[in-house]
Protein chains: 2
Amino acid sequence: MRADAVAEARAARAAYRAGRVAPTSGVAHGLVQANLISVPADWAYDVLLFAQRNPKPCPVLEVLDAGAVESRMAPGSDLRTDIPAYRIWRDGELAEETTDASAAWDEHPDLVSFLIGCSFTFEAGLADAGIPIRHRELDRNVPMYRTAQQCAPAGRLRGELVVSMRPIPAGRVADAVTISGRYPAVHGAPVHVGDPAALGIADLQAPEFGDAPEIRDGEVPVFWACGVTPQAAIMASRPPFAVTHAPGHMFLTDVPDAEYLA
Amino acid sequence: MRADAVAEARAARAAYRAGRVAPTSGVAHGLVQANLISVPADWAYDVLLFAQRNPKPCPVLEVLDAGAVESRMAPGSDLRTDIPAYRIWRDGELAEETTDASAAWDEHPDLVSFLIGCSFTFEAGLADAGIPIRHRELDRNVPMYRTAQQCAPAGRLRGELVVSMRPIPAGRVADAVTISGRYPAVHGAPVHVGDPAALGIADLQAPEFGDAPEIRDGEVPVFWACGVTPQAAIMASRPPFAVTHAPGHMFLTDVPDAEYLA
């Protein structure tokens with residue numbers, strides 16, 4: 001990681017707190033980024049069990065105590081404000097997108113927050129190995145898809161696996177597998193390489209989350225388990241209330257990727 | 001793993017169910033063994049969170065739904081009877097050791113059971129590499145020690161890290177680290193090599209659990225995080241009721257160790 005990455009992460013969190021909105025892929029290169037899901041305390045066990053049973057899409061990095069908003073992975077942070085964009089869910093429906101989720105904690109002071117590993121972490125490793133990260137080149141959000149593959153249910157939670165996709169030159173697919181596989185805490189190796197139809201994805205150009213991809217000749221679509229999976233579980237399972245990050249707009253930590261090397 | 005290992009595991013579970021008592025190290029070589037902790041449902045979140053925050057001693061392999069007793073890792077199994085020896089805990093005190101825990105489920109039909117990875121799994125890898133497993137040679141239980149190192153607390157649970165110890169020839173320590181490190185789901189690489197005093201262990205000949213070791217010239221004590229750690233948390237945190245395996249007397253699964261290779 002670059003020596004000034006932590007300073008960059010802190011400055012970015014401050015900018016997001018002040019209202020800046022942008023996808024976080026590529027920001028603070030070499031530091032861990034995280035997905036957020038916050039639920040009322042009586043749903044916390046279901047979320048933690050869902051994560052335990054589905055570790056590839058839901059690798060839990062930290063669970064905060066009920067009501068707590070400062071992550072141990074980012075001293076001085078505030079989960080209510082330091083993510084560029086949030087989604088507020090009511091009964092499984094997207095009720096609001098906002099840049100400041102403080103009102104959610106006012107309404108539910110017992111929210112339990114889960115920080116879940118994000119594939120943007122291993123993108124640093126891919127980039128360092130000279131593997132192109134198309135959505136960064138195009139300054140777009142990574143494309144994410146709901147699949148036909150069901151996660152293992154847990155308590156009141158069920159839902160489909162969500163995957164992120166990166167087009168990889170065929171000659172670098174093995175490298176991409178090896179490099180991402182070194183980071184099991186941030187989704188690890190791909191869940192699927194190649195045929196989108198086998199995952200139940202009808203049209204790669206129509207991702208459910210993020211932006212459409214650009215796949216060039218000689219490139220293969222490679223799919224990784226995605227931390228947006230809990231949002232699909234919210235839609236399918238309809239808890240009364242939840243807060244998440246907006247896809248692609250992650251929580252930046254001060255923790256080096258290298259701490260999660262297997 | 002040997003082709004007949006699953007048959008051996010099934011036969012061993014049937015023998016334990018019928019009353020046989022013996023440590024399980026070396027039984028059904030190549031299959032995963034697991035620690036058990038079962039608690040009333042209202043303590044389940046604390047246990048799962050404690051495990052999430054302390055993954056080296058508490059790598060969760062499976063969480064059963066409240067009241068369930070058949071592990072997905074061993075079809076036809078019954079967690080109430082298929083472990084050679086159980087401990088019943090009341091208010092943090094060891095109330096009873098028994099070979100049949102059915103009465104515990106009668107008393108608390110909502111028990112939530114956690115199966116936690118066991119270092120006996122990677123012993124197969126050590127043995128296959130020609131690294132001596134002293135406690136097996138001597139037909140003893142592995143020595144386990146409470147340390148001065150506190151686990152990360154979670155909810156109402158806190159307690160010291162418990163470690164298992166194997167004396168390893170100095171020239172094979174690096175191999176033992178590498179081989180066990182391939183199995184993060186069963187404690188992974190050692191937490192400590194060498195000086196027992198640094199862990200707060202005053203006397204290697206007086207383990208809190210299991211049998212005293214025999215350390216020969218040229219051997220180094222190597223310490224791995226141990227799945228008995230939840231039992232130390234029970235002693236320190238005093239939940240009203242809990243069931244565990246007796247140290248060294250594990251639950252045998254039908255799952256090959258290789259499924260947990262990182």
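Residues numbered from 1 in each chain as written. Chains lettered and ligands numbered in written order. Predicted model: local features only at pLDDT ≥ 70, side-chain atom pairs only at ≥ 80, totals over all residues. Heavy atoms only, no water.

Here we come to the pattern of salt bridges. Enumeration according to the criterion identifies 36 salt bridges over all chains in this entry. When the shortest N-O distance is used, the salt bridge between Arg172 of chain B and Asp175 of chain B registers 2.8 Å. Residue classification places Asp175 of chain B among the partly exposed residues on the basis of a relative accessible area of 32%. A cluster of three or more residues bridged by salt bridges with shared partners is formed by Arg134, Glu137, Glu214, Arg216 and Glu219 of chain A. (Salt bridge = Lys/Arg side-chain N within 4 Å of Asp/Glu carboxyl O. Buried < 20%, exposed > 50% of the residue type's maximum accessible area, 1.4 Å probe, protein only.)

Residue and element names in this part refer to chain B. Looking at the secondary structure, you find Ser119 in the loop between strand E5 (112–117) and helix H4 (120–128). When its relative accessible area of 5% is taken as the criterion, Ser119 is described as buried. Once you skip the residues sitting within four places of it in the chain, Ser119 turns out to touch Ser164, Arg166, Val186 and His187. (Helix = DSSP H or I, 4+ residues; strand = E, 2+ residues; numbered from the N terminus. Contact = heavy atoms within 4.5 Å.)

Our next topic: the side chain of Asn54 of chain A. Residues and elements named next belong to chain A. Along the chain, the position of Asn54 falls in the loop between helix H2 (44–53) and strand E2 (60–63). In terms of polar contacts, Asn54 uses its side chain to reach the backbone amide nitrogen of Ala152, at 2.8 Å. If near-sequence neighbours (up to four positions away) are discounted, Asn54 is found in contact with Cys151 and Ala152. (Polar contact = N/O pair within 3.5 Å; in protein donor to acceptor, adjacent residues only side chain to side chain.)

Residue and element names in this part refer to chain B. Spatial ordering of the open sheet is given by E6-E7-E9-E8, a layout of 4 strands whose pairing is antiparallel. Sheet topology places strand E6 (144–150) and strand E8 (192–193) at the edges, where each strand pairs with a single neighbour. Pairing analysis gives 4 bridges linking E6 to strand E7 (residues 160–169), with the strands arranged antiparallel. Among the inter-strand pairings, Arg146 is bridged to a residue of E7, identified as Val162. The strands touched by helix H6 (residues 173–181) are E7, E8 and strand E9 (219–225); relative to E9, the strand with the most contacts, the crossing angle is about 15 degrees. Each of E6 and E7 is contacted by helix H7 (residues 229–237), which is oriented at about 145 degrees to E7, the strand it contacts most. (Pairing = 2+ DSSP bridges. Axes fitted to C-alpha atoms, helices over the stretch in contact; angles between N-to-C directions.)

Residue and element names in this part refer to chain A. When its domains are assigned, chain A resolves into domain 1 (5–118 + 237–256) and domain 2 (120–225). Each of domain 1 and domain 2 has a C-alpha centre, and the two are 21 Å apart. Listed by partner, the interface residues are 29 residues for domain 1 and 31 residues for domain 2. For the pair domain 1 and domain 2, the summed buried area comes to about 2,400 Å², and 60% of that belongs to carbon and sulfur atoms. Sorting the residues of domain 1 by area buried against domain 2 places Phe50, Lys56 and Cys118 first, and these three jointly supply 25% of that buried surface. (Domains from an automatic or database assignment. Buried area = accessible area lost by both parts, 1.4 Å probe.)

The subject of this paragraph is the interface of chain B and chain A. Between chain B and chain A, the contact holds 15 residues from the first and 15 residues from the second. For the pairing of chain B and chain A, the buried interface totals around 1,100 Å² over both sides, and the portion due to carbon and sulfur atoms is 54%. Of all residues in chain B, Tyr45, Gln52 and Arg53 of chain B give up the largest surface area on contact with chain A, accounting jointly for 48% of the area buried on that side. Joining chain B to chain A, the criterion identifies 2 salt bridges. Arg53 of chain B is the partner of Asp65 of chain A in a salt bridge, and the nearest nitrogen-oxygen pair spans 3.2 Å. Between the two partners, chain B and chain A, sit 6 residue pairs in polar contact (both at pLDDT 80 or more). Among the elements of the structure, helix H2 (44–53), strand E2 (60–63) and E5 of chain B are those that each provide at least two residues to the side of chain B that touches chain A. Looking at the side of chain B that touches chain A element by element, the count peaks at 6 residues for H2 of chain B. By residue class, the composition of the side of chain B that touches chain A is 10 nonpolar, 1 polar and 4 charged. (Nonpolar A, V, L, I, M, F, W, Y, C, P; charged D, E, K, R; others polar.)

A few words now on the sheet that holds strand E7 (residues 160–169) of chain A. Residues and elements named next belong to chain A. Overall, antiparallel pairing links the 4 strands, which are arranged E6-E7-E9-E8 in an open sheet. Across the chains shown, the open sheet's two edge strands, defined by having one partner strand only, are strand E6 (144–150) and strand E8 (192–193). Set on the sheet, helix H7 (residues 229–237) makes contact with E6 and E7; between it and E7 the angle comes to about 145 degrees.

Attention shifts here to the packing of aromatic side chains. All names here are of chain A. One pass over the full model with this rule turns up 4 aromatic pairs over all chains. Centre to centre, the rings of Tyr145 and Phe223 are 6.4 Å apart; their planes meet at 70 degrees, and the pair counts as edge-to-face. One end of the pair, Tyr145, is in strand E6; the other, Phe223, is in strand E9 (residues 219–225), with 78 residues separating them in the sequence. Comparing Tyr145 with Phe223, the two get one shared label, buried. One residue, Arg156, lies across the ring of Trp43, its end atom 3.9 Å from the ring centre. (Phe/Tyr/Trp six-rings, centres within 6.5 Å; stacked < 30°, edge-to-face > 60°. Lys NZ or Arg CZ within 6 Å of the ring centre and 35° of its normal.)

Each of the two chain copies can be generated from the other by rotation about an axis followed by a shift along it. For these two chains of identical sequence, chain B goes onto chain A by a turn of 180 degrees and a shift of 0.0 Å along the axis, with RMSD 0.0 Å. Within this description, the copies of the chain are treated as partners about a two-fold rotation axis. When C-alpha distances to the rotation axis are compared across chain B, the minimum falls at Tyr45 of chain B, with a value of 2.7 Å. Mapped onto chain A, 100% of the interface residues of chain B again fall at the interface, so both copies present the same surface. (Least-squares fit on C-alpha atoms with pLDDT ≥ 70 in both.)

Let's shift gears to unusual backbone geometry. A negative phi angle characterises most non-glycine residues, just as the trans form characterises most peptide bonds. Residues and elements named next belong to chain A. Although it is not a glycine, Asp139 adopts a positive phi angle of roughly 55 degrees. Position of Asp139 relative to the elements: it lies in the loop between helix H5 (134–137) and E6. On the accessibility criterion, Asp139 (73% relative accessible area) is exposed.

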